[in-house]
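Structure at a glance
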Amino acid sequence: EAAWGLLTEYTQGDGLLKHALAVEAAVRGYARAFSEDEAAWGIVALLHDFDYERWPSAEDHPFRGAEILRARGYPEWVVRAILSHADYSGVARETLLEKTLFACDELAGFVTAASLVRPSRSVLDLEATSVLKRMKDKAFARAVKREDVRSGAELLGLPLDVHIANVIRFMREQAEALGLKGSL
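The following refers to the structure shown. Small disclaimer: the values here were computed from a predicted structure and weren't measured.

Considerations on the packing of aromatic side chains
- With the rule as written, the count across this model stands at seven aromatic pairs.
- Consider the rings of Tyr10 and Phe50, whose centres lie 5.4 Å apart with planes at 80°: the pair is edge-to-face. In this pair, Tyr10 is assigned in helix H1 (residues 2–10) and Phe50 in the loop between helix H3 (38–47) and helix H4 (63–71), connecting sequence segments 40 residues apart.
- The class of Tyr10 is buried, set by a relative accessible area of 10%.
- With centroids separated by 5.5 Å and ring planes inclined at 20°, the aromatic side chains of Tyr30 and Phe34 adopt a geometry described as stacked.
- Residue classification places Tyr30 among the buried residues on the basis of a relative accessible area of 1%.
- On the accessibility criterion, Phe34 (28% relative accessible area) is partly exposed.

This is the structure we're talking about:
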């Protein structure tokens with residue numbers, strides 16, 4: 001509840017809020033799969049971009065957010081995980097949480113985009129093969145770094161298609177909240 005309050009204090013845009021929820025759904029799913037603390041991992045995922053709307057530049061994001069989190073008493077492992085999701089932060093991804101957050105961030109955005117162009121506008125009938133096909137189209141969701149999606153799967157030691165299928169499955173659990181239930 002406190003994490004949601006912090007997110008909505010700094011983020012007003014529906015797209016960025018839904019992105020935070022999508023990454024949270026994916027990271028929580030992996031936390032369950034890895035027998036980790038789902039609530040703690042979910043908080044990190046929910047807050048990973050909370051400062052982005054106000055400070056989108058590489059000079060500020062996620063550094064401003066890290067300062068705010070420290071000032072509010074969040075543990076250093078939370079701050080570190082959030083810093084590690086940005087390649088340019090200088091914080092290496094070492095823990096399973098840090099690797100998972102990175103692996104889910106770009107992919108959750110891509111899965112959302114792939115869902116919204118379906119006739120159903122839903123994640124409920126999206127398959128990994130469709131996402132893989134869309135990844136080959138450089139014009140589709142061009143802001144999503146395909147190499148980050150691939151390297152995220154590698155960080156988790158998973159084949160790309162398995163990682164994509166996992167993230168789709170985890171996001172399906174929250175399809176309504178993500179606005180991805182569509183007509184199904």
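Observations concerning the pattern of salt bridges
- Using the criterion set out here, one finds 14 salt bridges in the structure.
- Note that Glu38 and Arg28 form a salt bridge whose closest N and O atoms lie 3.4 Å from each other. Of the two residues, Glu38 is situated in helix H3 and Arg28 in helix H2 (residues 14–33); the sequence distance between them amounts to ten residues.
- For Arg28, a relative accessible area of 23% corresponds to the partly exposed category.
- Here Arg118 makes a salt bridge to Asp125, at a shortest N to O gap of 3.0 Å.
- The class of Asp125 is partly exposed, set by a relative accessible area of 26%.
- One salt-bridge network, in which partners are shared between bridges, spans Glu24, Arg28, Arg32, Glu38 and Glu173.

Thoughts on the environment of Ser130
- Inspection of the secondary structure puts Ser130 in helix H7 (residues 128–135).
- The exposure class of Ser130 is partly exposed, given its relative accessible area of 21%.
- Sequence separation between Ser130 and Val111 is 19 residues, and the spatial gap between their C-alpha atoms is 9.7 Å.

With respect to the layout of surface pockets
- By volume, the largest pocket amounts to about 700 Å³.
- Lining the largest pocket are 29 residues, with His19, Asp49, Tyr52, Asp105 and Glu106 positioned closest to its centre.
- At the level of elements, H2 and helix H6 (96–116) are the ones that each hand at least two residues to the lining of the largest pocket.
- By residue number, the principal contributor to the lining of the largest pocket is H6, which donates nine residues.
- In the lining of the largest pocket, the residues fall into 14 nonpolar, seven polar and eight charged.

What counts as what
- Residues numbered from 1 in each chain as written.
- Predicted model: local features only at pLDDT ≥ 70, side-chain atom pairs only at ≥ 80, totals over all residues.
- Heavy atoms only, no water.
- Phe/Tyr/Trp six-rings, centres within 6.5 Å; stacked < 30°, edge-to-face > 60°.
- Helix = DSSP H or I, 4+ residues; strand = E, 2+ residues; numbered from the N terminus.
- Buried < 20%, exposed > 50% of the residue type's maximum accessible area, 1.4 Å probe, protein only.
- Salt bridge = Lys/Arg side-chain N within 4 Å of Asp/Glu carboxyl O.
- 1 Å grid on protein atoms, 1.4 Å probe; cavity = no way out; pocket = protein on both sides within 12 Å on 5 of 7 lines; lining within 4 Å.
- Points joined across faces, edges and corners; volume = space filled by probe spheres on them.
- Nonpolar A, V, L, I, M, F, W, Y, C, P; charged D, E, K, R; others polar.

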